[in-house]
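Letter by letter, the chains look like this.
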Amino acid sequence: MEKTSTVRVAGGTVEVRSKGRTGPALVFVHYWGGSAATWDAVIARLPADQLTVRFDQRGWGTSRTLAGPYALDQLADDLGRVIEALELRTFVLVGHSMGAKVSQVVAARRPAGLAGVLLVAPAPPKPPAAVTPQFREGLSHAYDSPESVAQALTHVLTAVPLPEPLRAAVVRDSLAVRHPEARQEWPLRGIATNITDAAQAINVPVTVLVGGKDAVEPPHLLRDHLLPYIPHAEMSIVPGVGHLLPLEAPDELTEELCSLTARLGGC
């Protein structure tokens, strides 16, 4: 049974959901437009006593009333506060897409207790040349309406059709934002922020998991724009799936996560 606690962050609070007792704690950080619920299928596949932590990032879902800024450093500060407040002795960061870039920033700060990082379809530390101002402006409108979210899901985000109830939940998550700045910060600025210096400071084991048909962060892009800056990272590819690995390939993601944490006493 998950329990909810309130953690104070700059300008307000976030609701944190946690369950289990067996460590290391798995701290899940969702993608742009996602929520804590993005990880439902993965958490359901973990051992019942595995300690997990998740929350809606600033500006989204239950955290949508939090004012900005919504920049990477602020999101990283929020994640750091959650880790501190829960007094996690040993933990692994599990970040997806934007959440993976936030996780890289936090990992570079070398917080006490950090034992490893799983980057899921991660936004790379070095922005690719294709991330032009024109591209970013177009991306900033991906979640303007239910119709635009549906288009993004069908043509960009997934390679595996999602069941309709899950698809509807993703659309709701993508629209669950109150402040326009929260929706626009990532595509207009965060995705283009160069954090290569931070990435090079990460000193714990890092696993990168990417979908073979990911149209957002394809494997070849991560080989060029992530692996050179985290050279000890190990990358695995899940064939046939797209960008939303927690939804498209929860079995493979859980297996990779357990492999990473097994030597630390998890799974």
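Here, every reference points to the structure presented above.
The structure contained in this document is the topic of the report that follows. Values in this document were obtained by computation on a predicted structure and should not be read as measured data. (Residues numbered from 1 in each chain as written. Predicted model: local features only at pLDDT ≥ 70, side-chain atom pairs only at ≥ 80, totals over all residues. Heavy atoms only, no water.)

1. Focus on the layout of surface pockets
By volume, the largest pocket is sized at about 460 Å³. Lining the largest pocket are 25 residues, and of these Phe135, Leu139, Ile191, Val216 and Glu217 lie nearest its centre. Going through the elements one at a time, α4 (133-139) and α5 (146-157) are the ones with two or more residues in the lining of the largest pocket. A total of 3 residues in the lining of the largest pocket trace back to one element, the largest contributor, which is α5. (1 Å grid on protein atoms, 1.4 Å probe; cavity = no way out; pocket = protein on both sides within 12 Å on 5 of 7 lines; lining within 4 Å. Points joined across faces, edges and corners; volume = space filled by probe spheres on them. Helix = DSSP H or I, 4+ residues; strand = E, 2+ residues; numbered from the N terminus.)

2. As for the packing of helix α2 (residues 72-85) against helix α3 (residues 98-108)
Axis separation between α2 and α3 bottoms out at 9 Å; the angle between their running directions is 70 degrees. Judged by the inter-axis angle, α2 sits roughly perpendicular to α3. On the side of α2, the interface is formed by Leu72, Asp73, Leu75, Ala76, Leu79 and Ile83, while α3 contributes Met98, Lys101, Val102, Ser103, Val105 and Val106. (Axes fitted to C-alpha atoms, helices over the stretch in contact; angles between N-to-C directions. Parallel < 35°, antiparallel > 145°, perpendicular 65-115°, else oblique. Contact = heavy atoms within 4.5 Å.)

3. Section: the sheet that holds strand β4 (residues 50-55)
Spatially, β1-β2-β4-β3-β5-β6-β7-β8 is the arrangement adopted by the 8 strands of the open sheet, whose pairing is mixed. Strand pairing shows two members of the sheet lacking a second neighbour, β1 (3-9) and β8 (234-238), which therefore form its edges. Strand-to-strand twist in this sheet, taken as the mean axis angle between neighbours without regard to direction, amounts to 20 degrees. Here strand β7 (residues 206-211) pairs with β8 via 5 bridges, running parallel. In the strand pairing of β8, Leu209 is matched with Ser236. Against the sheet, α3 touches β3 (22-29), β5 (91-96) and β6 (114-120), its axis set at about 145 degrees to β5. (Pairing = 2+ DSSP bridges.)

4. Here we look at the packing of aromatic side chains
Applying the stated criterion across every chain, the model contains 3 aromatic pairs. When the centroid spacing of 4.9 Å and the interplanar angle of 45 degrees are considered together, the rings of Phe28 and Trp39 count as tilted. Of this pair, Phe28 sits in strand β3 while Trp39 is found in the loop between β3 and α1 (40-45), placing the two residues 11 residues apart along the sequence. Both residues of the pair, Phe28 and Trp39, count as buried. Feature note: the residues Trp32, Trp60 and Tyr143 constitute an aromatic cluster, connected by ring pairs. (Phe/Tyr/Trp six-rings, centres within 6.5 Å; stacked < 30°, edge-to-face > 60°. Buried < 20%, exposed > 50% of the residue type's maximum accessible area, 1.4 Å probe, protein only.)

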